[in-house]
Amino acid sequence: MLKLCFGKFGYHLVLRDKLGSYKLQHLLRFYSLLYNGHIMFFLKSGQALEVIQPLYSFETSLLNRKGFFKCHRSYLVYIPNVDYFSNTEIKTRYGRSIPIARGYGRAFKDTYFSIMFQDK
Amino acid sequence: MREEEDRVLQFILGMLNNSSLLVFGVFVSSAILSIPFVDFTSILSNGLENAIHAVSRLAVNKERRISLNLRMYEDKLLLSIKNPYQDEIDMLEGIPQAKEKGHGLGSQSIKYVTEKLKGNCQFIAKDGQFALRVVL
């Protein structure tokens, strides 16, 4: 079981199994999730962490945090790690392309600028 | 580095001298250095021209204030130009549309140059306040 925790110094993941729990720190480096039966956490370091767990188990807690946006039914993105975007696609700072679903473009743009310019 | 910052400041002050109706807050960042001067000043001049045009059309009793803000968010340069406006603004796909002859290319030019530099821009017209926001 993978549990997402939010600490004073950012995000970290806690991975739990029968033998104990393992804390994966510096999740601030994470920038996107992909759901296709599994979740992939793509980390800034270039690592990809694969978890067999539905996206909705993380979605609510992530979307309640400022900075995350669901741009597609299969993707969440951490906005400060967005390099630039078009109407249909986001390019991350680390070179990955993430689709923007039809109808999400306007909301993504508003959220992106709101976060970058730190609107209250 | 200093020379480039001076060029940008001189450019802004040059625009100020031509208008004589503005109050500015200016923060120039070294991040400008990584952006071609001609492209950056194209965005800046078009944004300021639009703002000057809008405030010059305000009624006499309205405050004619344009605020320019340049700052960094990590390695991104954030530029915002805000001004009050009076006339209604038509937006098409997020871009303001000119109603007068000889106007209307500025906003499109800002969008074109911003996208060329792999950045994004946003135009907001709400409650009598116009804002151009650019991330580069």
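Residues numbered from 1 in each chain as written. Chains lettered and ligands numbered in written order. Predicted model: local features only at pLDDT ≥ 70, side-chain atom pairs only at ≥ 80, totals over all residues. Heavy atoms only, no water.

### Some thoughts on empty space enclosed by the protein
Residue and element names in this part refer to chain B. Summed over the entire model, instances satisfying the criterion amount to one cavity of 30 Å³ or more. Approximately 50 Å³ is the volume found for the largest cavity. For the largest cavity, the full set of lining residues is G47, N50, A51, I81, N83, I110, F130 and L132. Counting residues per element, the ones that place at least two in the lining of the largest cavity are α2 (37-56), β2 (76-84) and β6 (129-135). Here the lining of the largest cavity takes three residues from α2, the largest share from any one element. For the lining of the largest cavity, the per-class residue count stands at five nonpolar, three polar and no charged. (1 Å grid on protein atoms, 1.4 Å probe; cavity = no way out; pocket = protein on both sides within 12 Å on 5 of 7 lines; lining within 4 Å. Points joined across faces, edges and corners; volume = space filled by probe spheres on them. Helix = DSSP H or I, 4+ residues; strand = E, 2+ residues; numbered from the N terminus. Nonpolar A, V, L, I, M, F, W, Y, C, P; charged D, E, K, R; others polar.)

### Observations regarding the interface of chain B and chain A
Contacts between chain B and chain A engage 16 residues on the former and 16 residues on the latter. Regarding the contact of chain B and chain A, the summed buried area is about 1,500 Å², with carbon and sulfur atoms giving 51% of it. Three residues, B:Y73, B:N120 and B:R133, lead the burial of chain B against chain A; their summed loss comes to 39% of the area buried on that side. One can count three salt bridges joining chain B with chain A. For A:R93, the salt bridge goes to B:D75, with nearest N and O atoms at 2.4 Å. (Contact = heavy atoms within 4.5 Å. Buried area = accessible area lost by both parts, 1.4 Å probe. Salt bridge = Lys/Arg side-chain N within 4 Å of Asp/Glu carboxyl O.)

### Considering unusual backbone geometry
Residues and elements named next belong to chain B. At E74, a position not held by glycine, the phi torsion is positive, near 55°. Among the secondary structure elements, E74 is positioned in the loop between β1 (67-73) and β2. Its relative accessible area of 55% is what places E74 among the exposed residues. Positive phi, normally seen in glycine, also occurs at E93, with a value near 50°. Here E93 lies in the loop between β3 (90-92) and β4 (95-97). (Buried < 20%, exposed > 50% of the residue type's maximum accessible area, 1.4 Å probe, protein only.)

### Quick look at the nonpolar core
Counting residues in hydrophobic clusters, the biggest one holds 26 residues, and the most contacted among them are B:I43, B:L79, B:I81, B:I110, B:F123, B:L132 and B:V134. The leading source of residues in this core is α2(B), at eight residues. Core analysis: the next-biggest nonpolar cluster, separate from the first, contains 19 residues, A:V82, A:I98, A:F113 and A:I115 among them. (Core = buried A, V, L, I, M, F, W, Y, C linked by side-chain atoms within 4.5 Å.)

### What to know about the sheet that holds strand β9 (residues 82-85) of chain A
All names here are of chain A. Strand order in this open sheet of three strands is β9-β10-β11, and the pairing throughout is antiparallel. Looking along the sheet, the strands with just one partner apiece sit at the ends: β9 and β11 (97-99). When strand polarity is set aside, the average angle formed by the axes of neighbouring strands in this sheet is 30°. Relative to β11, strand β10 (residues 89-92) is paired through three bridges, and the arrangement is antiparallel. Bridge assignment links E89 to a residue of β11, and that residue is P99. (Pairing = 2+ DSSP bridges. Axes fitted to C-alpha atoms, helices over the stretch in contact; angles between N-to-C directions.)

### Quick word on the sheet that holds β6(B)
Ordered by their spatial adjacency, four strands build an open sheet running β1-β2-β6-β5 (chain B), and the pairing between neighbours is antiparallel. Only two strands of the sheet have a single neighbouring strand rather than two, namely β1 and β5 (120-126) of chain B. Mean inter-strand twist for the sheet, computed between neighbouring axes without regard to direction, equals 15°. Looking at chain direction, β5(B) and β6(B) are connected through seven bridges and run antiparallel. Bridge assignment links B:F123 to a residue of β6(B), and that residue is B:L132. Contacting β1, β2, β5 and β6 of chain B, helix α2 (residues 105-116) of chain A runs over the sheet at an angle of about 95° to β5(B).

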